[in-house]
Amino acid sequence: MNEYLFIMGMVAALFGGVVAAIARNLFHAALGLALTLAGTAVLFIPLGGELISVIQILVYLGAVAISILFILMLSPPFYLKRGQRNVLKLIVSVIITGIVAVPLMSAAMSVNAVGERAYSVPTVQQIGRVLLTDFVFPFEIMSVLLTVAIIGAIVIARDLPEDKQAPQAQAVETKRPEEVHA
Amino acid sequence: MSLPEILLRLVLAFGIVVTFVALNALFLVWLERKVSAVIQNRMGPMEVGPIGLLQTMADALKLLGKEMITPTSVDRIAFLLAPIIAFLPAPLLVAAIPIAEGVGASDLNVGAIYLFAIANIAFLGILMAGWSSNNKYSLLGAMRAVAQNVSYEIPMLLAVLTVILMAGSLKLSDVVAAQSPVPFIVFQPIAFVIYLICGVAESNRTPFDLPEAESELVAGYHTEFTGMRFALFFLAEYTQVFVLSAIITLFFLGGWNGPFLPGWLWFFLKTYVMIFIVMWLRWTYPRLRSDQLMNFNWRVLLPLAILNLLISTVLYRGGL
């Protein structure tokens, strides 16, 4: 049972990744990303990490993927145009992917993931206790980071008074689609 | 287990759950029409079957037989997938809800988070539907739906967190067991009200039905969908109402605990009473405005939910 589930999750994640990489339509690429995230969530179930799986869906599918799609909708309606392919961009993206992928791969390969360790998964209580004792400092730093991100978003999105508004900002302002439905 | 056995079990379980989803939606649509009729001093459906009970069955058959129109300038892949993805959470959610002690498709260790995580997948379907339709009303409807759902989810989860805090477990059967003598609604009336409001907002029903406000947006994100594709959105919506009421029953009303009657009967009794209340709300209140909706969420519900959680933590974990 577990093997089939794992293979299904893997296939979904890989297929989504390929779609995200090669789709010309940005919306389709975002949907591919969502499929990858969902497939990754499935991978945790046969490993016994139900909590991580559910959190993955809640955070990545429910928040990150939705926000990305939402941002695509706030942008001007470019969705009928096809994106241009460009050899230079392709090379740059391959290099960036390599820089990220090689250390990740080597790290993943160095861990002995097959065996007993993979199945001794901590319970929700244990994770919670460790988060608030041993890892309380990284945990708090993460909260600070998120708070800073929220404040930053508010500062960027805030409506300035009319006279203080920069001309460029004003031009953007009139185009914002969410003004229409607000 | 061998592969055929697994497949058989999957098909069987999925069949039962989907049958329940479909029958429940048929019944709820009939109930909704009856409730609205009573509130508006009408009779409602009367012709097909006793007191019109088979009316929705006839409607469903009509929908099945209708042509599925795909407009020429839609994004075909997303358009075809959108109803399926919007419907997908419905069976997944129903499968995780225990009906009585030990009765239910599965009782997960992380059931409480699972329910809210899976419900999120529907938003993906809504966004896909709105975007792929290539229609401004659909797009606006989808954006309103998702903005509303994402905002209302925060106080909703905070309200549920107070209950989880008191139960001390994420397992739904443990949450119900913790309410054995007294249901949590007695201790957490504020969380209950917050959850009810957010739940109604999440299911996009009046007074929070801006995403499909027919007077402004035709029908919102499902404007372009016909036949069975439209029916899938409809099924998803009514299943969401059922799931909302079932969650309230499990988290606040004591689940299957109750005297005299068997547990599953108590569960369904409480759930359908909650469904009736949600319908009652729909036919009593007018629709909110977009700004009122957001202000109410961020300025009233969210601070209230945080305060409630804080006070509950101090009272409950602080020795009381």
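Quick look at the structure, then. (Residues numbered from 1 in each chain as written. Chains lettered and ligands numbered in written order. Predicted model: local features only at pLDDT ≥ 70, side-chain atom pairs only at ≥ 80, totals over all residues. Heavy atoms only, no water.)

**Some thoughts on the packing of aromatic side chains**
All names here are of chain B. Evaluated as defined, the whole model comprises 16 aromatic pairs over all chains. Aromatic side chains Phe79 and Phe225 sit 4.3 Å apart centroid to centroid with 10 degrees between the ring planes, which places their arrangement in the stacked category. Residue Phe79 is found in helix H3 (residues 76-87), and its partner Phe225 is found in the loop between helix H11 (214-217) and helix H12 (227-251); the two are separated by 146 residues along the sequence. Residue Phe79 is classed as buried on the basis of its relative accessible area of 0%. (Phe/Tyr/Trp six-rings, centres within 6.5 Å; stacked < 30°, edge-to-face > 60°. Helix = DSSP H or I, 4+ residues; strand = E, 2+ residues; numbered from the N terminus. Buried < 20%, exposed > 50% of the residue type's maximum accessible area, 1.4 Å probe, protein only.)

**Observations regarding the interface of chain A and chain B**
Chain A puts 25 residues into the contact, and the matching count from chain B is 31 residues. For the pairing of chain A and chain B, the buried interface totals around 2,700 Å² over both sides, and the portion due to carbon and sulfur atoms is 81%. At the level of elements, helix H2 (26-44), helix H3 (50-74) and helix H5 (124-132) of chain A are the ones that each hand at least two residues to the side of chain A that touches chain B. It is H3(A) that provides the largest number of residues to the side of chain A that touches chain B, a total of 13 residues. Residue composition of the side of chain A that touches chain B, grouped by class: 19 nonpolar, five polar and one charged. (Contact = heavy atoms within 4.5 Å. Buried area = accessible area lost by both parts, 1.4 Å probe. Nonpolar A, V, L, I, M, F, W, Y, C, P; charged D, E, K, R; others polar.)

**Observations regarding the nonpolar core**
With 111 residues, the main nonpolar core has A:Phe27, B:Tyr195, B:Ile248 and B:Phe251 as its most contacted residues. The biggest single contributor to this core is helix H7 (residues 136-167) of chain B, with 14 residues. Sequence-distant contacts of B:Ile248, that is, excluding residues within four places in its chain, are made with B:Phe192, B:Tyr195, B:Leu196, B:Leu253 and B:Met274. (Core = buried A, V, L, I, M, F, W, Y, C linked by side-chain atoms within 4.5 Å.)

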